[in-house]
Amino acid sequence: MSLNGKIAVVTGGGSGIGRAISLKLAADGAAVAVWDLNPEGAQETVEMITAAGGKALACVGNAADAATIASSAALTRETFGGPITILVNNAGITGFTPFLDITEDHWDRMMAINLKGPFLCCQQIVPDMLEAGWGRIVNISSSSAQTGAMVMTHYSASKGGVIAFTKSLAKEFAAKGITVNNIPPGFVDTPMLRASPVNVDAEASSGNSPMGRPGVPEDIANACAFLVSEAAGYITGHTLGVNGGRVMP
């Protein structure tokens, strides 16, 4: 599915799922701006893309800060010479805190990064898509938003907001050539997951994982590549679960 001539932004593209998405979109022909808070991670992703013959740019900063988003978008347009027509809102944080121990600061930070960030990125980039008459937005949510999750109330709520945000935006821009979908990953083996309290190997062998293994970032990247392609032009407002059967709505 060719993305030749398209300019894409992937937030949180410096590692894990975001890196896999960046690599896949670049392999399909898009010029990819890798936005990440970690300069080393962003640059490493860019080097992987350029080594494979693709076009990429690293933009470093907080994907939940309006000024950073505006400057990164401007640099992306200037570098690649056109409007941004693909946006993957992947940047996010997780958290494992019993409900009664969640502070207002915990809550506010979670909402700022996981929910306010996609809102700000979309407000900055949707005008590009309107100008082009074509656009693809994919928001990375979470299966925790579909099922709920113990000691993750603030995280699950933020990702549930992402799903509702996706559906509302999809309705508003459906007639403008812009599709908006979301992917709620299930149990995907990433550096973030390995750094969490979750026992990856034990969880993979439990009954919660029908396939008996965690997913890999490329599973999410492949689904994302489909949703941003011409082949998915009549799909919008959709929640495409990539979870090995973990959630069956």
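Since we're looking at a predicted model, the values are computed, not measured. (Residues numbered from 1 in each chain as written. Predicted model: local features only at pLDDT ≥ 70, side-chain atom pairs only at ≥ 80, totals over all residues. Heavy atoms only, no water.)

A. Quick peek at the overall build of the chain. Helix and strand counts for the chain come out as nine helices and six strands. In terms of overall size, the chain behaves like a compact globule, its C-alpha atoms giving a radius of gyration of 17 Å where 249 residues would be expected to give roughly 18 Å. With respect to the three principal axes, the spread of C-alpha positions in the chain is 45 × 35 × 35 Å. Taken over 249 residues, the chain has a buried fraction of 50%. Here the chain displays about 11200 Å² of accessible surface, and carbon together with sulfur accounts for 55% of that area. The distance from the centre of the 15 positive side-chain charges to the centre of the 20 negative ones in the chain is 8 Å. (Helix = DSSP H or I, 4+ residues; strand = E, 2+ residues; numbered from the N terminus. Rg over C-alpha atoms; globule rule 2.2 N^0.38 Å. Buried < 20%, exposed > 50% of the residue type's maximum accessible area, 1.4 Å probe, protein only. Areas by Shrake-Rupley, 256 points an atom, 1.4 Å probe, with all protein chains shown as cover. Lys, Arg positive; Asp, Glu negative; His and termini not counted. Charge placed at Lys NZ, Arg CZ, Asp CG, Glu CD.)

B. Representation of the nonpolar core in the model. Counting residues in each nonpolar core, the largest one holds 30 residues, and the members touching the most others are I21, L25, V32, I86, V88, I183 and I220. Going through the elements one at a time, β1 (7-11), α1 (16-27), β2 (31-36), α2 (39-51), β4 (86-89), β5 (135-140) and α9 (217-227) are the ones with two or more residues in this core. The leading source of residues in this core is α9, at six residues. Leaving out residues up to four positions away in the same chain, V32 has contacts with A8, V10, S22, L25, A26, I49, K55, A56, L57 and F80. By size, the runner-up hydrophobic cluster in this structure holds 25 residues, among which are I84, C121, A170 and I178. (Core = buried A, V, L, I, M, F, W, Y, C linked by side-chain atoms within 4.5 Å. Contact = heavy atoms within 4.5 Å.)

C. Spotlight on the packing of helix α3 (residues 66-80) against helix α4 (residues 104-132). Contact geometry of α3 with α4 gives a least axis separation of 10 Å together with a crossing angle of 35 degrees. Crossing hand, α3 versus α4: right-handed. Contacts between α3 and α4 involve A66, I69, A70, A73 and R77 from the first element and G117, L120, C121, Q124 and D128 from the second. Looking at the contact of α3 with α4 residue by residue, the classes come out as six nonpolar, two polar and two charged. (Axes fitted to C-alpha atoms, helices over the stretch in contact; angles between N-to-C directions. Left-handed = near helix turned anticlockwise from the far one by under 90°. Nonpolar A, V, L, I, M, F, W, Y, C, P; charged D, E, K, R; others polar.)

D. Main features of the pairing of β4. Side chains I86 and V88 project from β4 onto one buried face, and the interleaved L87 and N89 project onto a second face that is buried too. Of the pairings in the sheet, the one linking β1 to β4 comprises three bridges and is parallel in character. Looking at β4, one finds that V9 is bridged to L87. Alignment of β4 against β5, held across four bridges, turns out to be parallel. The partner of I86 across the bridge, within β5, is R136. Taken together, β4, α4 and β5 form a β-α-β motif whose crossover is right-handed. (Pairing = 2+ DSSP bridges. Right-handed = clockwise from strand over helix to strand, strands pointing away.)

E. Region of interest: the UniProt feature "domain: Ketoreductase" (unreviewed entry) in the chain. In the numbering used here, UniProt assigns the feature "domain: Ketoreductase" (unreviewed entry) to residues 6-186. Overall, residues 6-186 shows 52% helix and 18% strand. The separation of its end C-alpha atoms is 29 Å. (UniProt positions renumbered as here; feature names shortened; annotations may be inferred.)

F. Region of interest: the side chain of N181. By the element assignment, N181 lies in strand β6 (residues 178-183). With a relative accessible area of 1%, N181 lands in the buried category. Within the local environment of N181, its side chain forms a polar contact with the backbone nitrogen of G237, the two atoms lying 3.2 Å apart. (Polar contact = N/O pair within 3.5 Å; in protein donor to acceptor, adjacent residues only side chain to side chain.)

G. Broad picture of the pairing of β6. In terms of burial, β6 is largely enclosed, as six of its six residues are buried. By the alternation rule, side chains of β6 split into I178, V180 and N182 and T179, N181 and I183, which are all buried. With six bridges connecting them, β5 and β6 associate as parallel partners. From the neighbouring strand, G135 faces β6, where its bridge partner is I178.

H. Up close: unusual backbone geometry. At V151, a position not held by glycine, the phi torsion is positive, near 55 degrees. Counting through the fold element by element, V151 comes out in the loop between α5 (143-147) and α6 (153-173). Classification of V151 by relative accessible area gives partly exposed; the value is 34%.

I. Highlighting empty space enclosed by the protein. For the structure shown, the criterion picks out two cavities of 30 Å³ or more. One number sums up the size of the largest cavity: a volume of about 40 Å³. Contributing to the lining of the largest cavity are W35, D36, C59, V60, G61, N62, A63, T68, I69 and S72. Those elements giving two or more residues to the lining of the largest cavity turn out to be β2, β3 (56-60) and α3. By residue number, the principal contributor to the lining of the largest cavity is α3, which donates three residues. Taken together, the residues of the lining of the largest cavity sort by class into five nonpolar, four polar and one charged. (1 Å grid on protein atoms, 1.4 Å probe; cavity = no way out; pocket = protein on both sides within 12 Å on 5 of 7 lines; lining within 4 Å. Points joined across faces, edges and corners; volume = space filled by probe spheres on them.)

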